[in-house]
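Structure at a glance
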Amino acid sequence: MTDSIMSKAATMEIPINSNGDTGTLPEDDSLEQDLQQVMVSGPNLNETSIVSGGYGGTAEGIIPTSSIKGSNMHHSGSSSSMTAEEASRGVAVEKLETMKKWGLNTYKCTKQMISERFGRGSRTVDLELEAQIEVLRDTKKKYENVLRLARALTNHFYNMVQTQHALGDTFADLSQKSPELRDEFGYNAETQKLLCKNGETLLGAVNFFVSSINTLVNKTMEDTLMTIKMYENARLEFDAYRSDLEELSLGPKDAVAMARIDAAQQLYQVQKDKYEHLRSDVIIKLKFLEENKVKVMHKQLLLFHNAISAYFAGNQQQLEQTLKQFNIKLRPPGADKPSWLEEQ
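All values derive from a computational prediction rather than experimental measurement.

A tally of helices and strands in the protein yields eight helices and two strands. Counting across all 344 residues of the protein, residues that qualify as buried make up 25%.

With 42 residues, the main nonpolar core has Leu136, Ile228, Tyr231 and Leu286 as its most contacted residues. In terms of residue count, the dominant contributor to this core is helix α5 (residues 182–249) (17 residues). When neighbours within four sequence positions are excluded, Ile228 is seen to be in contact with Ile133, Leu136, Arg137, Val282 and Leu286.

Our focus in this paragraph is helix α7 (residues 316–325). Looking only at α7, the buried set comprises Leu319, Thr322 and Leu323. Looking straight down α7, one finds its buried side chains confined to an arc of 95°; they lie on one side. Away from its buried face by more than 90 degrees, α7 exposes Gln317 and Lys324. On its buried face, α7 sits against α5 and α6 (255–312). Between the side-chain oxygen of the N-cap and the backbone nitrogen of Gln317 there are 3.4 Å, and the N-cap of α7 in question is Asn315. Of the residues trailing α7, Asn327 is marked for its positive phi of about 55°.

Moving on, we get to the pattern of salt bridges. Pairing between side chains becomes possible if they bear opposite charge and their charged atoms approach one another. Inspection of every chain in the model, using the stated rule, returns 14 salt bridges. Among the ionic pairs, Glu134 bridges to Arg137, the shortest N-O distance being 3.6 Å. Taken together, the positions of Glu134 and Arg137, both in helix α4 (residues 127–177) and three residues apart, correspond to about one turn of that helix. By relative accessible area, which is 48% here, Glu134 ends up partly exposed. Here Glu144 ties to Lys140 by a salt bridge, and the two come within 2.5 Å at their closest N and O atoms. With Glu144 and Lys140 both in helix α4, this residue pair falls four residues apart, about one helical turn.

Time to look at the side chain of Thr224. Tracing the backbone through its elements, the reader meets Thr224 in helix α5. Here Thr224 is in contact with Leu136, Lys285, Leu286 and Leu289, once residues within four sequence places are set aside.

Moving on, we come to the packing of aromatic side chains. Overall, the coordinates contain seven aromatic pairs when judged by the stated rule. Relative to Phe304, the ring of Phe209 lies with its centre 4.8 Å away and its plane at 40°, an arrangement referred to as tilted. Linking Phe209 in helix α5 with Phe304 in helix α6, this pair joins segments that are 95 residues apart in sequence. Classification of Phe209 by relative accessible area gives buried; the value is 4%.

Once that is clear, we can look at unusual backbone geometry. One non-glycine residue, Asn327, adopts positive backbone phi at about 55°. Relative to the elements of secondary structure, Asn327 occurs in the loop between α7 and α8 (340–343). What makes Asn327 exposed here is its relative accessible area of 67%.

A few words on the packing of α4 against α5. As a packed pair, α4 and α5 sit with axes 7 Å apart at the nearest point and diverge in direction by 160°. Taken together, the axes of α4 and α5 are roughly antiparallel relative to one another. Here α4 and α5 pass one another in a crossing that is left-handed.

Here we take up the environment of Gly121. Inspection of the secondary structure assignment puts Gly121 in the loop between α3 (71–117) and α4. Distance in space between the C-alpha atoms of Gly121 and Ser243 is 8.2 Å, their sequence separation being 122 residues. Apart from the residues lying within four places of it in its own chain, the contact partners of Gly121 are Ser115 and Glu116.

For the pair α5 and α7, the least separation of the axes is 10 Å and the interaxial angle reads 25°. Taken together, the axis directions place α5 and α7 in an arrangement best described as roughly parallel. When the axes of α5 and α7 are compared, the crossing they make is left-handed. Seen from α5, the contacting residues are Leu194, Lys197, Asn198, Thr201, Leu202 and Ala205; seen from α7, they are Gln316, Leu319, Glu320 and Leu323.

Attention shifts here to the environment of Gln164. Secondary-structure assignment places Gln164 in helix α4. A residue is classified by how much of its surface remains accessible, and Gln164, at 12% relative accessible area, is buried. What Gln164 contacts, discounting residues up to four positions off in sequence, is Gln192, Leu195, Cys196 and Tyr311.

This part covers α6. Helix length check: α6, at 58 residues, gives a terminal C-alpha distance of 83 Å against a target of 86 Å (1.5 Å per residue), a fit within 8%. Looking at the residues trailing α6, positive phi occurs at Gly314, about 75°.

So, about the confidence of the model for the protein. Confidence along the protein averages 78 in pLDDT terms, with 72% of residues attaining 70 or more. Confidence, read as mean pLDDT per element, is least for α8 in the protein (39) and greatest for α4 (95). Note that pLDDT drops below 50 for residues 1–28; the model gives that stretch 22 contacts with residues more than four away or on any other chain. With pLDDT under 50 throughout, residues 37–69 is counted as low confidence; its partners more than four residues away or in other chains account for 23 contacts.

Conventions used here
Residues numbered from 1 in each chain as written. Predicted model: local features only at pLDDT ≥ 70, side-chain atom pairs only at ≥ 80, totals over all residues. Heavy atoms only, no water. Helix = DSSP H or I, 4+ residues; strand = E, 2+ residues; numbered from the N terminus. Buried < 20%, exposed > 50% of the residue type's maximum accessible area, 1.4 Å probe, protein only. Core = buried A, V, L, I, M, F, W, Y, C linked by side-chain atoms within 4.5 Å. Contact = heavy atoms within 4.5 Å. Arc of directions from axis to C-beta. Polar contact = N/O pair within 3.5 Å; in protein donor to acceptor, adjacent residues only side chain to side chain. Salt bridge = Lys/Arg side-chain N within 4 Å of Asp/Glu carboxyl O. Phe/Tyr/Trp six-rings, centres within 6.5 Å; stacked < 30°, edge-to-face > 60°. Axes fitted to C-alpha atoms, helices over the stretch in contact; angles between N-to-C directions. Parallel < 35°, antiparallel > 145°, perpendicular 65-115°, else oblique. Left-handed = near helix turned anticlockwise from the far one by under 90°. Expected span 1.5 Å × (residues − 1). pLDDT = per-residue confidence, 0-100.

Okay, here's the thing in structure tokens:
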């Protein structure tokens, strides 16, 4: 009986579809029943042998099945591959859902933006907060102009100091080579060297001023403006979902419509909480920014005024005292050039 079943199973064709899954057997259920009977009433597989030469072969080609390891590995490999496939499918479904939500949110926000542009949609307005935001943007533009001009002044003054340094060296050289004009060249060389020294001190103060304004404009103000941008995006999303909820509320009140209204209400509440949270963040950051701006600019404007006044008054002692007052340390000559390690 076993031989007839094995021969029958060996000669039958198992159709495979395009996905690699086996199709239904064209035979009846008798083969399946016979195979189940063999597996129940047949010998123990651990005690059987596999004949390498086929049926009727000699005993020399018999291989004990207990020495064969790998069937369990095959099953574990199949299960692990199925687990990996399920995981990849889960990731794909999750990405698809994310893209779906993003597309729906983008559509709603774009619709709201167009409605606001053409005056057909309503928008949430906080007049006091928006006025403060406009003041900040205008202030940032003006401070950027101050920063640009201060950098230009630093560059021009640096070139002047370098020229004075070169001129002082030339005067000193000529005083050694022109005995008849040694005194005249000598005190002009000393004057240019003193001006050069005072100019380097003033450059230290101006560079500190530029660095502080740059931090205020491009870091502190920019950080607040990034939060404001997030707040404005949240406001647009909030109004988009609010408009969607209002449209659904004006429609029919059947079971399907009520389910949509409940879902829209939940999404609206989420966007409302996000909007109010970012609005609170913007108010706090604007308050701290204003306090920080006043504190920083009070110090920097005082530094700039005292340094410029002392330099053009020729008061070297007052100029140096100004740098000590604001804890500004000058770089030694040649420190502007980076080391060979920093250039790597």
